[in-house]
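# Survey of secondary and tertiary structure
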Amino acid sequence: MDSKTKNKELLRGGQFLVKETPCEDIFILEDINEEQKMMRDSVIEFNDREIIPNRKRFENKDYAFTEQCMKKAGEMGFLSVAVPEEYEGLGMDFVSTVLVCDYISSGTGSFSTAYGAHSGIGTMPIVLYGNEEQKKKYVPKLASGEWFGAYCLTEPDAGSDANSGKTTATLSKDGKSYKINGQKMWISNAGFCNLFIVFARIEDDKYITGFIVENDPKNGITLGEEEKKLGIHASSTRQVFFNNTVVPVKNMLSERGNGFKIAMNALNIGRIKLAAACLDSQRRIITKAVQYAKERKQFKTSIINFGAIKAKVAEMATNAYVGEAAVYRASKNISDRIAIRKEQGNSHQEAELKSVEEYAIECSILKVAVSEDAQNCADEGIQIYGGMGFSKDTYMEAAWRDARITRIYEGTNEINRMHAVGMLIKKAMKGHVDLLGPATKVGEELMSVPSFDIPDYSRLFTEEKEMVTKLKKVFLMVAGKAVQTFGTELEKHQQLLMAAADILIEIYMAESAILRTEKLAKAKGEDKIKTQIAMARLYLYHAVELINQKGKEGIISFAEGDEQRIMLMGLKRFTKYANMPNVAKLRIQIANKVAEENGYCF
Ligand SMILES: Cc1cc2nc3c(=O)[nH]c(=O)nc-3n(C[C@H](O)[C@H](O)[C@H](O)COP(=O)(O)OP(=O)(O)OC[C@H]3O[C@@H](n4cnc5c(N)ncnc54)[C@H](O)[C@@H]3O)c2cc1C
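What comes next concerns the included structure. (Residues numbered from 1 in each chain as written. Predicted model: local features only at pLDDT ≥ 70, side-chain atom pairs only at ≥ 80, totals over all residues. Heavy atoms only, no water.)

## Comments concerning the site of the ligand
Every one of the 18 residues lining the ligand counts as a neighbour, but Thr154, Ser160, Trp186, Thr412 and Glu414 are closest to it. Between threonine 154 and the ligand, the recorded distance is 2.7 Å, taken from a side-chain N or O atom to a nitrogen atom. In this structure, a nitrogen atom belonging to the ligand sits 2.8 Å away from a side-chain N or O atom of glutamine 494. Considering the ligand on its own, with 970 Å² of exposed area, one finds that the protein chains cover 67% of that surface. When residues of the shell around the ligand are traced back to their parent elements, those giving at least two are β3 (177–188) and α15 (413–430). Class assignment of the residues belonging to the shell around the ligand gives a composition of 10 nonpolar, six polar and two charged. (Near = heavy atom within 4 Å. Polar contact = N/O pair within 3.5 Å; in protein donor to acceptor, adjacent residues only side chain to side chain. Areas by Shrake-Rupley, 256 points an atom, 1.4 Å probe, with all protein chains shown as cover. Helix = DSSP H or I, 4+ residues; strand = E, 2+ residues; numbered from the N terminus. Nonpolar A, V, L, I, M, F, W, Y, C, P; charged D, E, K, R; others polar.)

Right under this line is the structure:
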């Protein structure tokens, strides 16, 4: 981190909503350094050599091949990027670890899931919560790929309600070990892992406890059959049964009753990495789709020349570009926060945990937004391929099936939507983010006469930035009033929370795209990045439309009479363009560029 970053006050998680961010303060994918570029290129090369040509083997459920590829990834050092050097990892910064997740994930969802389950939730709980002895014993083996890890949280009756598991851990009479009994479900990598992170309840504790359990079939561990899944065919997913499995007391992770916290923090990290893991698949789908569209002729014309197809290509490219902007913006915030905390004397563990927790709102936002973009991208990929897209012989069919899981694991998108808004409100109540002051100001503004001054819109993004400021007011107006109306009962009004989450998500994504593009414009000149400008504008247009719709839905769900009328007028004022963008023209411009470059090129 440079001294400029060190000295400036970093935005806290969620503060993007109430503070303006200068474009110079955000990190963009174009800012990666030489070391990061080398890492990215070696990951791309690995993917092109080992994974992509073997997509059929993954589709044909060749689980052994997934394990073989994981070993190779270990040899390349990819499993150790997030592991500190003292435990034989590469100890790379947070942005680099996100970069690896991004580019390694595009070959097939099977490998991507195996990679994420091992290097994320299968390894990081020990890196972040293990004691010295545990870390020395297990982490180097996991970092090299000599051993593989799996994460056992979900049970048949405990999914989203993760703390409700029935698996028990009972202390032996001599106090030296615990006996674990229970059934875990949907466990990725179960078929080939050497170690499980297992969550179990001791006596009638309120919270579960984490344990490191070595995979020894002689120790009461049995596996169910491989699950028959819609997608990610060669990702091993099995039930795991623990029957009087003996685990030494020294294998408890952190403290008794700390398991739920470990599970949630592991998921926070997992969420931003999962969002990153949905990026390169979009890039590759776009490239394949545009190449197909250029070759495929109907009505004596390449289908890429049809406006309907151009619109799809433009939307797909725009979402991928926006996803990149938001993922790398948040990754660098986390990275900088880690560096600052370390400088203040925090251990690596503490620094990483606290920093990711700080940006948990952004992690949930990204998980939802980018996983849904990836799914839509694959869906439109199929549509561009037409009937061929429906065939197992083409790339798109498996890409679509593989993308579907990303909306379910690492916390479903419904849970993450509620999480994002819930955490923001909690932060406001703790005084970490001042929502009340800005929300009160919005309330006052609603009662005042609007300004009729016309700003100078000739400078790049003047109108768009003004619009983002107004969209933030929509959130403050709707969420502020909802909190005032329902207080702690708000969590029972889930449809309202979902609408508020969508508003929050769109604000973060649209702002990230504008800031990325503005930063690029300052570095390269507006002429060189005309397509990126078009993408930022196109995305914002959709964000405004969606926020209008969700804002209205939210307001009419709880406000009545004059209050409703005033809020709806406010919504209209805050979602009004002075100059509407011509979205059809923007889409043509974007699609033409992608077609000219023969693929995603940003
Ligand atoms: C392929 C695959 C791999 C997986 N890998 C792992 C792994 O390695 N380790 C592991 O521990 N788990 C793993 N999981 C489990 C995964 O994390 C869970 O499936 C997920 O958390 C959802 O839980 P559930 O399936 O029980 O759904 P449920 O919790 O039953 O949810 C069903 C639906 O209800 C909604 N819902 C639930 N609660 C609420 C609520 N309070 N308010 C509103 N809506 C709600 C959900 O959003 C969802 O739409 C995996 C799952 C799959 C399919």
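## Notes on the nonpolar core
The biggest cluster of nonpolar side chains holds 202 residues, and the ones touching the most others in it are Phe111, Tyr115, Phe196, Phe211, Tyr328 and Met509. The element best represented in this core is helix α18 (residues 494–524), accounting for 17 residues. Not counting residues up to four positions away in its chain, the partners in contact with tyrosine 328 are Phe27, Leu29, Val95, Val98, Leu99, Asp102, Tyr103 and Leu279. (Core = buried A, V, L, I, M, F, W, Y, C linked by side-chain atoms within 4.5 Å. Buried < 20%, exposed > 50% of the residue type's maximum accessible area, 1.4 Å probe, protein only. Contact = heavy atoms within 4.5 Å.)

## What to know about the environment of lysine 585
Its place among the elements puts lysine 585 in helix α21 (residues 583–596). Residue class for lysine 585 comes out exposed when judged on its relative accessible area of 60%. C-alpha of lysine 585 to C-alpha of leucine 568: the two residues are 17 residues apart in sequence and 30 Å apart in space.

## Comments concerning the pairing of strand β7 (residues 237–248)
For β3 and β7, the ladder comprises nine bridges, and the chain directions are antiparallel. Residue pairing in the sheet places serine 188 in a bridge with threonine 237 of β7. Relative to β7, strand β6 (residues 221–223) runs antiparallel, the two sharing three bridges. Looking at β7, one finds that threonine 222 is bridged to phenylalanine 241. (Pairing = 2+ DSSP bridges.)

## What about the packing of aromatic side chains?
Throughout the structure, instances matching the rule amount to 16 aromatic pairs. Measuring from centroid to centroid gives 5.3 Å for tyrosine 151 and phenylalanine 199, while their planes differ by 70 degrees, and the two rings are edge-to-face. Separated by 48 residues along the polypeptide, tyrosine 151 in strand β1 (residues 149–152) and phenylalanine 199 in strand β4 (residues 195–202) bring together distant segments of the chain. You'll find tyrosine 151 and phenylalanine 199 in the same group, each marked buried. A centroid spacing of 5.9 Å and a plane angle of 10 degrees characterise the contact between tyrosine 207 and phenylalanine 260, whose relative ring orientation is stacked. With tyrosine 207 in the loop between β4 and β5 (209–214) and phenylalanine 260 in helix α9 (residues 259–277), this residue pair connects regions lying 53 residues apart in the sequence. Members of the aromatic cluster, connected to one another through ring pairs, are Phe46, Phe78, Phe111 and Tyr115. The ring of tyrosine 395 is capped by arginine 55, whose NZ or CZ atom sits 4.0 Å from the centre of that ring. (Phe/Tyr/Trp six-rings, centres within 6.5 Å; stacked < 30°, edge-to-face > 60°. Lys NZ or Arg CZ within 6 Å of the ring centre and 35° of its normal.)

## A word on unusual backbone geometry
Notably, asparagine 189 is not glycine yet its phi reads approximately 70 degrees, a positive angle. For asparagine 189, the position within the fold is in the loop between β3 and β4.

## So, the packing of helix α13 (residues 360–385) against α18
Relative orientation of the contacting elements α13 and α18 amounts to 90 degrees, with a least axis distance of 10 Å. With respect to α18, the axis of α13 lies roughly perpendicular. Two secondary-structure elements touch here, α13 through Ile361, Glu362, Ile365, Leu366, Val368, Ala369 and Val370 and α18 through Leu504, Ile505, Tyr508 and Met509. Considered class by class, the residues forming the contact of α13 with α18 number 10 nonpolar, no polar and one charged. (Axes fitted to C-alpha atoms, helices over the stretch in contact; angles between N-to-C directions. Parallel < 35°, antiparallel > 145°, perpendicular 65-115°, else oblique.)

## Description of helix α14 (residues 395–404)
Here α14 lies mainly inside the structure; eight of its 10 residues are buried. Those residues of α14 hidden inside the fold are in contact with α3 (55–59), α6 (109–121), α10 (279–295) and α13.

## Things to note about the state of the cysteines
In the structure shown here, the tally under the stated rule is zero disulfides. With no disulfide of its own, cysteine 152 has cysteine 193 as its nearest cysteine by sulfur position, at a separation of 6.9 Å. Here cysteine 278 is not cross-linked by a disulfide; its sulfur's nearest cysteine counterpart is in cysteine 377, at 10 Å. (Disulfide = S-S within 2.5 Å.)

## Considerations on the pairing of β4
Each regular strand shows side chains that alternate between the opposite faces of the sheet. Within β4, eight of the eight residues are buried, which leaves it mostly tucked inside the rest of the structure. In β4, alternate side chains face the same way, and those of Leu195, Ile197, Phe199 and Arg201 on one face and Phe196, Val198, Ala200 and Ile202 on the other are all buried. Relative to β4, β1 runs parallel, the two being bridged by four bridges. From the neighbouring strand, glycine 149 faces β4, where its bridge partner is leucine 195. With two bridges joining them, strand β2 (residues 168–171) and β4 adopt parallel strand pairing. Residue pairing in the sheet places alanine 169 in a bridge with isoleucine 202 of β4. Sheet topology note: the β4/β5 ladder contains six bridges and is antiparallel. Residue phenylalanine 196 lies in a different strand from β5, and its bridge partner there is valine 213. Hairpin connection of β4 to β5: six residues between the antiparallel strands, including glutamate 203 at a positive phi of 45 degrees.

## A few points about empty space enclosed by the protein
The full count for this structure, using the stated rule, is two cavities of 30 Å³ or more. Estimates place the volume of the largest cavity at around 50 Å³. As for the largest cavity, its lining consists of Asn131, Glu133, Gln134, Lys137, Tyr138, Lys250 and Asn251. In this model, the second largest cavity occupies a volume close to 40 Å³. Every residue lining the second largest cavity is listed: Val421, Val478, Ala479, Ala482, Leu490, Leu496, Leu497 and Ala500. Taken together, the elements giving at least two residues each to the lining of the second largest cavity come down to α17 (462–486) and α18. The residue makeup of the lining of the second largest cavity, split by class, is eight nonpolar, no polar and no charged. (1 Å grid on protein atoms, 1.4 Å probe; cavity = no way out; pocket = protein on both sides within 12 Å on 5 of 7 lines; lining within 4 Å. Points joined across faces, edges and corners; volume = space filled by probe spheres on them.)

## Observations regarding the pattern of salt bridges
What the rule picks out here adds up to 43 salt bridges. Residue glutamate 24 is joined to lysine 522 by a salt bridge in which the shortest nitrogen-to-oxygen separation is 2.9 Å. Within this pair, whereas glutamate 24 is found in the loop between α1 (3–7) and α2 (34–51), its partner lysine 522 is found in helix α18, the two being separated by 498 residues in sequence. Here aspartate 502 makes a salt bridge to lysine 550, at a shortest N to O gap of 3.7 Å. Of the two residues, aspartate 502 sits in helix α18 while lysine 550 sits in helix α19 (residues 530–558), which places them 48 residues apart along the sequence. What makes aspartate 502 buried here is its relative accessible area of 11%. The network of salt bridges with common partners includes Glu30, Asp48, Asp102, Asp280, Arg283, Arg284, Glu324 and Arg516. (Salt bridge = Lys/Arg side-chain N within 4 Å of Asp/Glu carboxyl O.)

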